[in-house]
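A closer look at the structure
Take a look at the letters that make up each chain.
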Amino acid sequence: MALPLIGRLQVLEWPPLIFGMLLVMLESFLRFVTSLLPGVVIGLFEKVTRKLYSVLAPGSVREKTIVHEIHDANGFVEICALFGYSVEEHIVKTTDGYLLGVHRIYQTKTETKAGTRPQGKPVVYLHHGLLMNSEIWVSITEEARCLPFMLVERGYDVWLGNNRGNKYSKKHVLHSSIDTAFWNFSMDEFALYDIPDTIDYILHTTRQKHLAYLGFSQGSAQAFAALSLHPKLNDKVNVFVALAPAMAPGGLHNSVVDSLIKASPTIMYLFFGRRAILSSAIFWQSIMYPPLFVRLIDRSLIFLFNWHGHNISFQQKIAAYAHLYSFTSVKTVVHWFQIMRRGCFQMFDDDVTSAIRLYGNAFYHVAQFPTRNIRSPIYLVYGTEDSLVDIDAMLSELPKHAVAIPVIGHEHLDIVWGRDVEKEVLPHVFHILEKTMHAPYKSKPIANSKMLLTKAVTEDSEKSSEASYLTDDVTVIANQQENVNRADQDEEKQDSDEESLKTMKHSAHSHSPSPPPDIITNHSPALPVICSFSKEGILFSSSEPLTGMSGPALTSTTTTASARARASSMSSNISAASIMAAVQPASGGGLTSSPLSKTASSGAAGGHESISTTFKKKGRKLFGLEGSGNVSE
């Protein structure tokens, strides 16, 4: 039997190993000493930190009240009660004997007060991330920013799951949580049992045939794995929204820790054993006053992931960080380190210590999760500043129908707790659900949204067609200006073109067909940016919810400075709901008849010339047209 570490680590990898072991020993020593301190000393520290609390947590009286109430709430049910929602608690028995706690919110505030129990609502299932539980979804200081509450008010039946081993799922029919066998699980078991068994229970209880799955961080990774391993599960999940998705992170921000875990992922067993990881975190949280605990968590997130949390208010951190941590197995964390080391989304490697090698390489490779086999619609909502998301690598491992939706300037936790999630994140989720579910509620127009529709530019045609359509609250200007090179050389022709554009803007009822515009510029009061697509079909720089128009079919592949200058005079105020009304997915997956859809279907090749050539080669579908192979009806 080979001794652990001996012969496996290089000389430069020993210092971080020794440093890490010293930190673990120091933490254990401090925890032991602190537990022996008399109550008088603990009380003195509490008085000092209480004064610091009033300085470090400024805000109105109501803000402090709700912050304190959420922070001090004993669990999921109490937090929901603070906002007037009643909760059902369910227990799901997995195939291998774990008992999982699941929460359900399906009554609106009005229905709760009236005592009505509605049936038949569309089901939405939310799942948390690594070292978390269902409380992270509702530990939010404002109801308007809370995704579960907003979904309930929109008429959905909301379920929130929990992984085995966490705060609500520390039971097994055979093993006790103090047994090593209880903690012998990784993401394989989450995918093989927890997710499919929970979904089956929810569908059986609600008597529904399918549901929408919303996963945060590891919650999305578990769905990727489960859907890839269970083909029939794809028929039960009719849409999958991955918030801050995780699949194969490149590594940690701190180079010392990153090199350590990549050198030998199983080194975590030496630090924490083979049961629950960071079991002492609850102890430290209980003796530290909230603001100091927040500072500690913030420094840890910067150290490990370079997340600064600028989009999360200090009050929100105090309320939510108290419910951030929950138990999981050391084996689960080792599994993630194995994924980082290999750089692929693989199953757990049980034989990492094997000495059998062929030409210097491991004799076998662990099976990867076959994520390209997923048939359910996939939408990836991610922050552009999230160090754990490599969107290009992720899309390369997913089927072609996956759609990526970036949230500019947001990090990992911002997607759930950010101060502007009701503007930057939730509208995307609502629109996706309305598009794929039989949604009882339709989104209202988003105030102050402006979209500038500029010219579609080609090089082979000599004629241009112009059209505009005027509705109650939307003006869609679609036009085509061709032969840009000749236009740049002929200033008189450019002047004539500009004059024709001005004339066209005042023509309210023109019905000349035209292909859809190529570039959409979305001006938001909070974030004025340009909406465009990458070669992979990834939407960049969109600060408003996506609509049926927001797709690569509207992306120009050849734009020039002169064309951009001439397009600057074509802005018009358009609400998101109006765009959705103009382009609505039909039951068959195509577009309903509308002036815009007719425009898209016109032209020499049915409007397909405006689709990016690179995007077509990638084989990806447009957002809003995933069920149709064509742009037109």
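Residues numbered from 1 in each chain as written. Predicted model: local features only at pLDDT ≥ 70, side-chain atom pairs only at ≥ 80, totals over all residues. Heavy atoms only, no water.

With that settled, the discussion passes to the side chain of Asn 238. Structurally, Asn 238 is set in strand β7 (residues 237–243). A polar atom in the side chain of Asn 238 sits 3.1 Å from the side chain of His 210. Once residues within four sequence positions are removed from consideration, Asn 238 is found in contact with His 210, Leu 211, Ala 212, Pro 377, Thr 436 and Met 437. (Helix = DSSP H or I, 4+ residues; strand = E, 2+ residues; numbered from the N terminus. Polar contact = N/O pair within 3.5 Å; in protein donor to acceptor, adjacent residues only side chain to side chain. Contact = heavy atoms within 4.5 Å.)

For helix α18 (residues 426–436), the tally of buried residues reaches nine of 11 residues, placing the bulk of the element in the interior. Of the positions making up α18, those classed as buried are Leu 426, Pro 427, His 428, Val 429, Phe 430, His 431, Ile 432, Leu 433 and Glu 434. (Buried < 20%, exposed > 50% of the residue type's maximum accessible area, 1.4 Å probe, protein only.)

Here we come to the nonpolar core. Counting 77 residues, the largest nonpolar core has Trp 137, Leu 147, Leu 151, Leu 214, Trp 417 and Leu 433 as the members making the most contacts within it. Judged by nonpolar contacts, the second largest core, of 49 residues, contains Leu 203, Leu 211, Phe 240 and Val 389. (Core = buried A, V, L, I, M, F, W, Y, C linked by side-chain atoms within 4.5 Å.)

Attention shifts here to helix α8 (residues 218–229). Taking 1.5 Å as the rise per residue, α8 with 12 residues should run 16 Å; its terminal C-alpha atoms sit 16 Å apart, in good agreement. Here the buried face of α8 lies against β3 (123–127), α7 (187–206), β6 (211–216), β7, α14 (330–342) and β10 (378–383). (Expected span 1.5 Å × (residues − 1).)

With that settled, the discussion passes to the packing of aromatic side chains. All chains considered together, the criterion is met by 16 aromatic pairs. Where Tyr 98 meets Phe 182, the ring centres are 5.2 Å apart and the plane angle is 55 degrees; that geometry is what we call tilted. With a gap of 84 residues between them, Tyr 98 in strand β2 (residues 98–105) and Phe 182 in the loop between β5 (171–172) and α7 connect regions that are remote in the sequence. Considered together, Tyr 98 and Phe 182 belong to a single accessibility category, that of buried residues. (Phe/Tyr/Trp six-rings, centres within 6.5 Å; stacked < 30°, edge-to-face > 60°.)

Where α7 contacts α14, the two axes come as close as 8 Å, and the packing angle between them is 110 degrees. One way to sum up the angle between α7 and α14 is to call them roughly perpendicular. Each of Met 187, Asp 188 and Phe 190 in α7 lies in contact with α14, whose residues at this interface are Thr 332, His 335, Trp 336 and Ile 339. Considered class by class, the residues forming the contact of α7 with α14 number four nonpolar, two polar and one charged. (Axes fitted to C-alpha atoms, helices over the stretch in contact; angles between N-to-C directions. Parallel < 35°, antiparallel > 145°, perpendicular 65-115°, else oblique. Nonpolar A, V, L, I, M, F, W, Y, C, P; charged D, E, K, R; others polar.)

Let us now look at the confidence of the model for the chain. Detailed reading of the predicted model is not advised wherever pLDDT is low. Summary statistics for the chain give a mean pLDDT of 72 and a share of 58% for residues scoring 70 or more. Every residue in residues 501–618 is under pLDDT 50, and counting partners more than four places away or in other chains gives 280 contacts. Low confidence marks residues 621–633, where pLDDT is under 50. Its contacts with residues over four positions away, or in another chain, come to 42 contacts. (pLDDT = per-residue confidence, 0-100.)

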